[in-house]
Amino acid sequence: MSKIPKRPEKKEKSREYHRSDEEYAYRSVLISAVLGGILYIISILFNIEIISIFMNINMFWTFIDISLKVIVILLFFLFMITSIGNYKELIGKPLNWKELLLLFLLSIGQTILNPLVFVFTLIGLLIILIYLYVIQEM
Amino acid sequence: MKKIKFSVLICILIVNISIISFFLISKGYSTIDEISSEIGESPVIDGYIDLPSNEWKKATREEILLGDLPITLRVLQNDENLYISVQFDLLVKYHSLNEFVGLIISNSSSEVKEEFIDAKIIQFSNISKNEFTFFDYYIDNGNFLNDTNLNGEGAAKLEEDTSTYEFSLPIKALIVNEQDAALDFGNTYAFNITYGETPIYQNGVKKSTIILINIKSSTTSEIPFSELTVQIICIVIFSTLGALYCYYIYKIFRLKATIKRIKR
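As the structure is a prediction and not an experimental result, all values here were calculated from the model.

## Notes on the overall build of chain A
For step 1, the next point in the chain: Within chain A one finds four helices and zero strands.
For step 2, the next point in the chain: The N-to-C order of helical and strand elements in chain A reads α-α-α-α.
For step 3, the next point in the chain: Taken over 138 residues, chain A has a buried fraction of 36%.
For step 4, the next point in the chain: Accessible area for chain A stands at about 8,900 Å²; split by element, carbon and sulfur atoms hold 69% of it.

## Thoughts on the interface of chain A and chain B
For step 1, the next point in the chain: Each partner contributes residues to the interface: chain A has 43 residues there, and chain B has 35 residues.
For step 2, the next point in the chain: Here chain A and chain B share an interface that buries about 3,400 Å² over both sides, 76% of which is from carbon and sulfur atoms.
For step 3, the next point in the chain: For the interface between chain A and chain B, the tally reads zero salt bridges.
For step 4, the next point in the chain: Linking chain A to chain B there are seven residue pairs in polar contact (both at pLDDT 80 or more).
For step 5, the next point in the chain: Those elements giving two or more residues to the side of chain A that touches chain B turn out to be helix H1 (7–47), helix H2 (59–90), helix H3 (97–109) and helix H4 (115–137) of chain A.

## Overview of the sheet that holds strand E9 (residues 143–146) of chain B
All names here are of chain B.
For step 1, the next point in the chain: Here seven strands make up an open sheet; going across it, the order is E1-E13-E12-E6-E7-E8-E9 and the pairing mixed. Strands with a single pairing partner mark the edges of an open sheet, and in this sheet they are strand E1 (34–36) and E9. Here the strands of the sheet are splayed against their neighbours by 30° on average, with no regard to which way each runs.
For step 2, the next point in the chain: Sheet topology places strand E7 (residues 116–126) next to strand E8 (residues 131–140); eight bridges connect them, and they run antiparallel.

## What about the packing of aromatic side chains?
Each aromatic ring pair is summarised here by two numbers: the centre-to-centre distance and the angle between the ring planes.
For step 1, the next point in the chain: All chains considered together, the criterion is met by 14 aromatic pairs over all chains.
For step 2, the next point in the chain: Measuring from centroid to centroid gives 5.6 Å for Tyr87(A) and Tyr248(B), while their planes differ by 70°, and the two rings are edge-to-face. Here Tyr87(A), found in helix H2, pairs with Tyr248(B), found in helix H2 (residues 225–263), and the two come from separate chains. Considered together, Tyr87(A) and Tyr248(B) belong to a single accessibility category, that of buried residues.
For step 3, the next point in the chain: Aromatic side chains Tyr247(B) and Tyr250(B) sit 6.5 Å apart centroid to centroid with 35° between the ring planes, which places their arrangement in the tilted category. With Tyr247(B) and Tyr250(B) both in helix H2 and three residues apart, this pair spans about one turn of that helix.
For step 4, the next point in the chain: Overall, the relative accessible area of 47% leaves Tyr247(B) in the partly exposed class.
For step 5, the next point in the chain: You can call Tyr250(B) partly exposed: its relative accessible area is 46%.
For step 6, the next point in the chain: These aromatic residues form a ring-pair network of at least three members: Phe88(B), Phe124(B), Phe132(B), Tyr165(B) and Tyr195(B).

## Digging into the pattern of salt bridges
All names here are of chain B.
For step 1, the next point in the chain: All told, the structure shown has nine salt bridges over all chains when counted by the stated rule.
For step 2, the next point in the chain: Between Asp 118 and Lys 120 there is a salt bridge whose closest N-O contact spans 3.4 Å. Both residues of the pair, Asp 118 and Lys 120, count as buried.
For step 3, the next point in the chain: The shortest N-O distance in the salt bridge between Asp 180 and Lys 120 comes to 2.9 Å. Of the two residues, Asp 180 is situated in the loop between strand E11 (162–170) and strand E12 (188–196) and Lys 120 in strand E7; the sequence distance between them amounts to 60 residues.
For step 4, the next point in the chain: Salt bridges linked by common partners bring Asp 118, Lys 120, Asp 136 and Asp 180 together as one network.

## Focus on unusual backbone geometry
All names here are of chain B.
For step 1, the next point in the chain: Backbone geometry places Asn 130, a non-glycine residue, at a positive phi of 55°.
For step 2, the next point in the chain: Structurally, the position occupied by Asn 130 is in the loop between E7 and E8.
For step 3, the next point in the chain: Phi is positive for Glu 160, close to 55°, though the residue is something other than glycine.
For step 4, the next point in the chain: The residue Glu 160 is located in the loop between strand E10 (153–159) and E11 in this model.
For step 5, the next point in the chain: Given the relative accessible area of 72%, Glu 160 is considered exposed.

Parameters at a glance
- Residues numbered from 1 in each chain as written.
- Chains lettered and ligands numbered in written order.
- Predicted model: local features only at pLDDT ≥ 70, side-chain atom pairs only at ≥ 80, totals over all residues.
- Heavy atoms only, no water.
- Helix = DSSP H or I, 4+ residues; strand = E, 2+ residues; numbered from the N terminus.
- Buried < 20%, exposed > 50% of the residue type's maximum accessible area, 1.4 Å probe, protein only.
- Areas by Shrake-Rupley, 256 points an atom, 1.4 Å probe, with all protein chains shown as cover.
- Contact = heavy atoms within 4.5 Å.
- Buried area = accessible area lost by both parts, 1.4 Å probe.
- Salt bridge = Lys/Arg side-chain N within 4 Å of Asp/Glu carboxyl O.
- Polar contact = N/O pair within 3.5 Å; in protein donor to acceptor, adjacent residues only side chain to side chain.
- Pairing = 2+ DSSP bridges.
- Axes fitted to C-alpha atoms, helices over the stretch in contact; angles between N-to-C directions.
- Phe/Tyr/Trp six-rings, centres within 6.5 Å; stacked < 30°, edge-to-face > 60°.

The structure is reproduced here in structure tokens:
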């Protein structure tokens, strides 16, 4: 018969597992936030039109310009929502609709200078929200 | 419950497709016939659009059809002039040696033939050598007659397959000339953009289309209130986002300290 008790070992394992899970979640919060920050800077450069190299050349470059602006904002929203969601989970609170609405408004607000970017970003954000809602329900 | 969710998803999908279709249709060639000019720095009228130095950057840019020829039209204005550029791609073999592009200008927004009293034409004499002449005509009963005073400026250049025609037209000219369309701030004018291959006006015109151009009433010295408001809102949004982001990063680092404390 073994002299080493089995139960404390299990507890230690679960604590270690719990700890690594927490660390993983924290790392996810930080990395997502940093990526969100990088995308926020790129968004400033393109959406305030500090960089306007693709604008007013021809249809193709206009399309590239609009796509770039839309994709940057959508990725910003995705990374930030991931980061905030994980942060909330770490502190033991759920992500509420007010925070979601604020992030949504601040994301769509970045498109104010270009109506086409506004429409496509709005559509993209709605699709992301529907996707997140459906995933959560499943 | 599942049925309702499915219906909601289908409805959203239909709305999205409708919005995208609306934008694609409105950006199509056939629907554009009214263009508002934008205020910006005056371009150099040399038949070359210098994109790296942001020439024509602020111009309203529209793709329209000149008959069956797709052209890019840019419209810009400042305190003194209205600038219009016409650009199109055509294989070298299809360019005529005596190609021309003209702006036949109405005295108002009316598209009645009698109202088109002024014509500015850039006529190539030898397109392969980029030799051209800018003409200013007044139209009397369909006859193109030379203006006593040349008003405006024009230049053109053929580079590979791309032809660029640039026009500069004075707005609210100090000397009122009956031989020119009296362009004024805050008004709309009909422009007949014409393309031809032989220097005979009006018979040499091969393709033409009429567009309306709205000349803005405000000048470069004052930024329109709506534009200023949008810019302020934009700055507020990005500043708020930046401040909230910094606060969030601070909270993340505080969370790390809390986690460490709990672990201990």
